[in-house]
Amino acid sequence: MKVLEVGTEKPYLIKIGKGILRDIGRECATLFKSAEKVLVVTDSNVARLYLNTVKSSIETNGFAVYDYVFSAGEESKTVHTYIGIVEWAAECGLCRDDVIVALGGGVVGDLAGFAAATYMRGIRYIQVPTTLLAAIDSSIGGKTGFDLKYGKNLIGAFHQPSGVYFDTEVLKTLPEKERKNGFGEGVKYAVLAGGAIRDILLKGLSDSDTEEFCALCAAYKADVVARDEKEGGLRQLLNLGHTIAHAEEKLSHYTVAHGESVAAGIKIMSKAAYNVGKLKKAEYDEIIEMLELSGLDREPQYTVDDIVKAATSDKKVHNDGINVVTVAGIGNCHIEKMSFEQFREYIK
């Protein structure tokens, strides 16, 4: 098992290893001595596979356990699902000492986290990711929220979990599409950090490397989050490829997966950097190779004009432009402010 600490104002642990799902109850008992009730929030896909295991573990450790299950998919990441969660929490009698468990991928984690951030002005919660993408990215760092029709994650709050627990055994039941979705964020970390993450992706991720790969990605994000908990500057590096990704997701009405869109965004930003002489050909070729090996070497489905127009509602927008992450090399990325016209010219 890998154990990492996220050094935020209230530090917490990330635990990565086999069999962790069966220990969630014990972890709750250790963390939440004053709690009596636990609400497990999950989606319809995950509930079928893991809800009973997690509920049983929590019940065995003396808690009253409730669950809230919503339809799987990004289309559920709405105010309506959020209201459903908090109203059910109230009906179950959760108080400020009690706990929410986010059991699932990024959509579950964001919604359950925002419910925890706002219910009774904030209660505690833990993240139990069940996808590769959630394990290495969205479960860490306390970003929570939901989408509006105008754009992704436009409603949200920073609310750090009390712990993150990833059972690597769940990857055995992960559909290939979801594995690729996670690799999109994995390539992001490889481009940002280089080093061992890059090496693993260039040789192809094997089962024996999975725990180490997840821990390396999580450690990189944990370090960035600890230094910039609420995205005042440095943390914006984690948005590499995301301006384009969020635009593509919005244009597709969220039928294109987040990680796949991130990969397309990374390809465009890397190609743009190479075209203007910022990125050496050898490093550009390595980025493309990582995308190819991960099954993610593809072009966006929309024109540059469509992408730039959709990006105007991205949460990284300011009145006079947008912050984008540019690639000067593997392990050498920068935050740059561009006008929308400069951004259009840069990526065309």
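Look above for the structure.
In what follows, the accompanying structure is described. (Residues numbered from 1 in each chain as written. Predicted model: local features only at pLDDT ≥ 70, side-chain atom pairs only at ≥ 80, totals over all residues. Heavy atoms only, no water.)

1. Observations concerning the packing of aromatic side chains
Scanning all chains against the criterion turns up five aromatic pairs. Centre to centre, the rings of Y274 and Y284 are 5.1 Å apart; their planes meet at 5 degrees, and the pair counts as stacked. Taken as a pair, Y274 in helix α10 (residues 258-275) and Y284 in helix α11 (residues 281-293) lie far apart in primary sequence, ten residues in all. Here a set of aromatic residues connected by ring pairs shows up, and it is made of Y82, F114 and F146. The aromatic ring of Y189 is capped on one face by K188, whose charged end is 4.6 Å from the ring centroid. (Phe/Tyr/Trp six-rings, centres within 6.5 Å; stacked < 30°, edge-to-face > 60°. Helix = DSSP H or I, 4+ residues; strand = E, 2+ residues; numbered from the N terminus. Lys NZ or Arg CZ within 6 Å of the ring centre and 35° of its normal.)

2. Quick look at the pairing of strand β8 (residues 151-158)
Where strand β7 (residues 143-148) lies against β8, five bridges are found, and the strand directions are antiparallel. Bridging from a neighbouring strand, T144 pairs with A157 of β8. Between β7 and β8, which follow one another and run antiparallel, lie two residues. (Pairing = 2+ DSSP bridges.)

3. A few points about the packing of helix α9 (residues 242-251) against α10
The contact between α9 and α10 brings their axes to 7 Å, and the two run at 130 degrees. By the angle class used here, α9 and α10 are oblique. Here α9 and α10 pass one another in a crossing that is right-handed. Here H242, I244, A245, H246, E248 and E249 of α9 lie close against α10, whose contacting residues are H258, S261, V262, A264, G265, I268 and M269. Each residue belonging to the contact of α9 with α10 can be placed in one class, and the counts come to six nonpolar, five polar and two charged. (Axes fitted to C-alpha atoms, helices over the stretch in contact; angles between N-to-C directions. Parallel < 35°, antiparallel > 145°, perpendicular 65-115°, else oblique. Left-handed = near helix turned anticlockwise from the far one by under 90°. Contact = heavy atoms within 4.5 Å. Nonpolar A, V, L, I, M, F, W, Y, C, P; charged D, E, K, R; others polar.)

4. Focus on the pattern of salt bridges
The tally for this structure, following the rule as stated, stands at 26 salt bridges. Measuring nitrogen to oxygen at the nearest pair gives 3.9 Å for the salt bridge that ties D147 to K77. Of this pair, D147 sits in strand β7 while K77 sits in the loop between β4 (64-70) and α3 (79-92), and the two are 70 residues apart along the sequence. By relative accessible area, which is 2% here, K77 ends up buried. Salt bridges sharing partners connect three or more residues here, namely D137, E185, K188 and K221. (Salt bridge = Lys/Arg side-chain N within 4 Å of Asp/Glu carboxyl O. Buried < 20%, exposed > 50% of the residue type's maximum accessible area, 1.4 Å probe, protein only.)

5. So, helix α12 (residues 304-311)
Among the residues making up α12, those that are buried are I307, V308, A310 and A311. On an axial view of α12, the arc spanned by its buried residues comes to 165 degrees, and they lie on one face. Those residues of α12 that are buried lie in contact with α9, β10 (317-318), β11 (321-329) and α13 (340-347). (Arc of directions from axis to C-beta.)

6. Regarding the environment of L240
Turning to its location among the elements, L240 is positioned in the loop between α8 (210-227) and α9. Between the C-alpha atoms of L240 and I335, which are 95 residues apart in sequence, the distance is 8.9 Å. Ignoring any residue separated from it by four or fewer positions in sequence, one finds L240 in contact with K188, V191, L192, V262, I266, V325, V327 and C333.

7. Remarks on the pairing of β4
Consecutive residues of a regular strand have side chains that alternate between opposite faces of the sheet. In this structure, strand β3 (residues 37-43) lies alongside β4, joined through seven bridges in parallel fashion. By the bridge assignment, V41 is partnered in β4 with Y68. For the crossover from β3 across helix α2 (residues 44-60) to β4, the handedness is right-handed. (Right-handed = clockwise from strand over helix to strand, strands pointing away.)

8. What to know about the side chain of S138
Checked against the element boundaries, S138 lands in helix α5 (residues 132-138). With relative accessibility at 16%, the residue S138 sits in the buried group. Excluding anything up to four places from it in sequence, S138 contacts G106, Q127, L133 and K221.

9. Quick word on the packing of α9 against α12
Running from amino to carboxyl end, α9 crosses α12 at an angle of 95 degrees, the nearest separation of the two axes being 8 Å. Between α9 and α12, the angle is such that the two are roughly perpendicular. Across from T243, I244, A247, K250 and L251 in α9, the residues of α12 making contact are D306, I307, A310 and A311. Split by residue class, the contact of α9 with α12 holds six nonpolar, one polar and two charged.

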